[in-house]
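# Summary of the model geometry
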Amino acid sequence: MTVTQDIRVDTEEEILGLYRAHLSKGRATLAELFGSHMEVASSGNWLTTSDGERFLNAGGYGVFIMGARHPIVMEAVQRQLNTHPVATRILLEPTVARAAEALVSVMPPGLDRVHFALSGAEAVETGLKLARAGGRKRTVSMGGGYHGKTLGALSATAKEVYQKPFRPLIPDVSHLPFGDADALEAELRAHPGEICVILEPVQGEGGVIIPPRGYLKRVEELVREYDGFLILDEVQSGMGRLGEWWGADTEGVVPDVLLAGKALGGGVVPVSAAIATRTAFRPFDKDPYVHTATFSGQPLLMAAVQGAIRAMKEERLVTKAMDLGAQLLPRIGEIARRNIGHLVKDVRGRGLLIGVELAEPGLAGELLIELFNHGVVANHSMNGSSVVRFTPPATLTELDVEFLLNSFDKATLDLVARSARMPEGGSN
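Note that the structure is predicted; figures quoted are calculated from it, not measured. (Residues numbered from 1 in each chain as written. Predicted model: local features only at pLDDT ≥ 70, side-chain atom pairs only at ≥ 80, totals over all residues. Heavy atoms only, no water.)

### Digging into the overall build of the protein chain
Cut-off, in case you're wondering: Working definition: helices are DSSP H or I runs of at least four residues, strands are E runs of at least two. Numbering for both runs from the N terminus. The quantity called the radius of gyration is restricted to C-alpha atoms. Its globule counterpart is 2.2 Å times the number of residues to the power 0.38. A simple rule labels every residue: compare its accessible area, found with a 1.4 Å probe on the protein chains alone, to the largest value its type can have, and call it buried under 20%, exposed over 50%, or partly exposed in between. Whether two residues touch is decided by their heavy atoms; if any such pair falls within 4.5 Å, the residues are in contact. The Shrake-Rupley method, run with a 1.4 Å probe, gives the accessible areas here. Residue values count only the displayed protein chains as cover. Within this scheme the basic residues Lys and Arg register as positive and the acidic residues Asp and Glu register as negative, but His and the chain ends are omitted. By convention, the point assigned to a charge is CZ for Arg, NZ for Lys, CD for Glu and CG for Asp.
Helix and strand counts for the protein chain stand at 14 helices and 15 strands. Computed over its C-alpha atoms, the radius of gyration of the protein chain comes to 22 Å, within 12% of the 22 Å expected for a compact globule of 428 residues. If you line up the protein chain on its principal axes, its C-alpha atoms span 60 × 60 × 45 Å. The burial tally for the protein chain puts 52% of its 428 residues in the buried class. A separation threshold of at least 6 residues defines the contact pool for the protein chain, and within that pool the share at least 24 residues apart is 73%. Here the protein chain displays about 19,400 Å² of accessible surface, and carbon together with sulfur accounts for 54% of that area. Separation between the mean location of the 43 positive side-chain charges and that of the 51 negative ones in the protein chain comes to 3 Å.

### Digging into the sheet that holds strand β12 (residues 353–358)
Stated precisely, the cut-off is as follows: A pair of strands is labelled paired if DSSP reports no fewer than 2 bridges between them. Each axis is a line fitted through C-alpha atoms, taken for helices only over the stretch in contact, and angles between the N-to-C directions span 0 to 180 degrees.
Read across the open sheet, the four strands follow the order β11-β12-β15-β14; overall the sheet is antiparallel. The sheet terminates laterally at β11 (344–350) and β14 (379–380), the two strands that pair on one side only. Relative to strand β15 (residues 387–390), β12 runs antiparallel, the two being bridged by four bridges. Looking at the pairing, G355 lines up with R389 of β15. Across the sheet, helix α12 (residues 317–340) is in contact with β11 and β12; its angle to β11 comes to roughly 175°.

### Describing helix α13 (residues 361–373)
Because each turn of an α-helix spans 3.6 residues, side chains separated by three or four positions end up pointing in the same direction. What counts, and what does not: Helices are assigned an expected span. That span is 1.5 Å times one less than the residue count. Here a polar contact is taken to be a pair of N or O atoms separated by no more than 3.5 Å, where protein atoms must pair a possible hydrogen donor with a possible acceptor and residues adjacent in sequence count only if both atoms sit in side chains.
With 13 residues, α13 extends 19 Å between its outermost C-alpha atoms, agreeing within 8% with the 18 Å of an ideal straight helix rising 1.5 Å per residue. Along α13, the residues that are buried comprise G362, L363, A364, E366, L367, L368, I369, E370, L371 and F372. Capping the start of α13, E360 holds a side-chain oxygen 2.6 Å from the backbone nitrogen of G362, two or three residues further along. Positive backbone phi, approximately 85°, marks G375, located one or two places after α13.

### As for the packing of aromatic side chains
Keep this limit in mind: Put simply, two rings from Phe, Tyr or Trp (the six-membered ring, in Trp's case) pair if the centres are within 6.5 Å, and we call them stacked under 30 degrees between planes, edge-to-face over 60, tilted for the rest.
Counted under the stated rule, the structure contains seven aromatic pairs. A centroid spacing of 6.5 Å and a plane angle of 85° characterise the contact between Y146 and Y162, whose relative ring orientation is edge-to-face. Highlighted residues: Y146 in the loop between β5 (138–142) and α6 (151–156) and Y162 in helix α7 (residues 160–163), separated in sequence by 16 residues. Both residues of the pair, Y146 and Y162, count as buried.

### Description of the layout of surface pockets
Here the idea is plain: a probe the size of a water molecule rolls over the atoms and shows the empty space left. Going by this rule: In this analysis, the protein atoms alone were mapped onto a 1 Å grid. Cavities are point sets where a 1.4 Å probe fits without being able to get out; pockets are open sets with protein on both sides within 12 Å along at least five of seven lines; lining residues have an atom within 4 Å of a point. Grid points are joined across faces, edges and corners, and a volume is the space filled by probe spheres set on the points. Only Asp, Glu, Lys and Arg are considered charged, only Ala, Val, Leu, Ile, Met, Phe, Trp, Tyr, Cys and Pro nonpolar, and every remaining residue, Gly among them, polar.
Here the largest pocket defines a volume of roughly 1,500 Å³. Lining the largest pocket we find 46 residues, and of these R27, L30, E39, Y61 and N379 sit closest to its centre. For the lining of the largest pocket, the secondary-structure elements that each account for two or more residues are α1 (12–23), α2 (25–33), β1 (39–43), β2 (46–49), β3 (54–57), α13, β13 (376–377) and β14. Element by element, the count of residues in the lining of the largest pocket is highest for α13, at eight residues. Across the lining of the largest pocket, the residue classes tally to 26 nonpolar, 14 polar and six charged. Every residue lining the second largest pocket is counted, 28 residues in all, and those nearest its centre are R89, V96, V114, P288 and S296. The set of elements that each furnish at least two residues to the lining of the second largest pocket consists of α4 (94–104), β4 (113–117) and α10 (278–286). Considering each element in turn, the lining of the second largest pocket owes the most residues, five residues, to α4.

### As for the nonpolar core
What counts is decided by this rule: What we call a nonpolar core is a set of buried Ala, Val, Leu, Ile, Met, Phe, Trp, Tyr and Cys residues that are connected through their side-chain atoms within 4.5 Å.
Residues L103, V197, L199, M239, W246, L358 and F390 are the most contacted members of the largest nonpolar core, which totals 88 residues. The biggest single contributor to this core is α12, with nine residues. Beyond its immediate sequence surroundings of up to four residues, V197 is in contact with V140, M142, L184, L188, V219, V223, F229, L230 and I231.

### Quick look at empty space enclosed by the protein
Within this structure, the stated rule accounts for one cavity of 30 Å³ or more. As a volume, the largest cavity reaches approximately 30 Å³. In this structure, the largest cavity is lined by S42, G44, N45, W46, L47, N57, F64, G67, A68 and P393. Among the residues making up the lining of the largest cavity, the classes are represented as five nonpolar, five polar and no charged.

### Structural notes on the sheet that holds β5
Taken together, seven strands build an open sheet; the order of strands is β4-β10-β9-β8-β7-β5-β6 and the sheet is mixed. At either end of the open sheet lies a strand with only one pairing partner, and these are β4 and β6 (173–176). Pairs of neighbouring strands in the sheet enclose a mean axial angle of 20°, with direction left out of account. When β5 meets strand β7 (residues 195–199), the two strands line up parallel, connected through three bridges. The partner of R138 across the bridge, within β7, is I195. Sheet contacts for α4: β4 and β10 (272–276); angle to β4, the most-contacted strand, approximately 115°.

### Considerations on the packing of α13 against helix α14 (residues 398–421)
Convention followed: Orientation categories follow fixed angle ranges, with anything under 35 degrees roughly parallel, anything over 145 roughly antiparallel, 65 to 115 roughly perpendicular, and all other angles oblique. In this scheme, a crossing is called left-handed if the near helix is turned counterclockwise away from the far one by less than a right angle; it is called right-handed if the turn is clockwise.
α14 packs onto α13 with a crossing angle of 130° between their chain directions and a minimal axis gap of 8 Å. If you check the angle between α13 and α14, you find them oblique. Once α13 is placed against α14, the crossing between them reads as right-handed. Note on element contacts: α14 touches α13 through S407, F408, A411, T412, D414, L415, R418 and S419, opposite L363, E366, L367, I369, E370, L371 and N373. Considered class by class, the residues forming the contact of α13 with α14 number seven nonpolar, four polar and four charged.

### Remarks on the packing of α12 against α14
At a closest axis distance of 9 Å, the pairing of α12 and α14 adopts a crossing angle of 20°. For the element pair α12 / α14, the angle class is roughly parallel. You can see that α12 and α14 cross each other, and the crossing is right-handed. Contact residues: α12 offers L324, Q327, L328, R331, I332, I335, A336, R338, N339 and I340, while α14 offers E398, V401, E402, L404, L405, F408, D409, T412, L413, L415 and V416. For the contact of α12 with α14, the per-class residue count stands at 13 nonpolar, three polar and five charged.

Written out as structure tokens, the structure is:
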């Protein structure tokens, strides 16, 4: 096969103009804050821009637990691309069956029915529909929780700024304080047999909010006591991100539905999944057309799922995430306290989901820019705008770790100098 390479060279100015013309003026403005750099290549833990600069990728919203273009995932995807990338969805197709088998092999016991989708929000919609088909017409989510922006997922996402333009949303959705089991018990007691509870084991977009120890287990016990339905949204916290395969494993919880995504495609393709118990999945077993999507379970995506799980197992990346997190969290905390103790409120995390909470949102934005200036990509938190979030790969080398820490050290020192120049009450 002959491959013709496009030799056109895109300039930053041209691409910025196309963003403004056809995508989003707001995204263009945000890109300008980071110098209008264009990312054009990635490999392992690093990405490269059009001008040849390299950046350590500690962002990506949790997608890159095994880095970019992991060779096991790439080999599986390339092989499938060259044989049968898209199926008719009428005949039996082996890659989706094997992907489901691989995913179930790393699930909490009892979760053995799988519906594949593309985005995390689609997986959320699948879980919410299973709950409704099972008779739970009320939904309870948690303040600070983030579940996506499709209509059902947005209804469960407790953020006024995202919800307001699209109201009215799905009815009978309430939001309770994350970590407050007593408030949840009162709600369940008031509506026995009617409630679906959806929550994250650790709130990533909420700003890396970790609930009290025992909270998840208590939630499970209460849901069972009052005949509810439990969905654990592990789109970000799952696939080893917390140093366990799933946040559910930290307390031995088995929900009715567990949601996976982001890293599930190995950092190569977009894939998500809702994995359910047989009882919860019964409405889909009964009618195979009641909840479908053209690209659900397509072979190219399923090859990536198999490759991703194989890579995680063979390279023991779950254990490495735990070990790297135990190394990074205290050192990031020490640097933050030493350099910006007067600007930082907290440093917290579990595994390779680490958050640095600043005194106000403007400082978080400034710190992200300073990190970028020193060669590190990190993320803000959409429901916790004062928190800078690190989600580095579990494939970091010792040199990568030192680079990340040295960059954070320099960025925080520069943040102090920058904040000293800020007008009182806000950023420049």
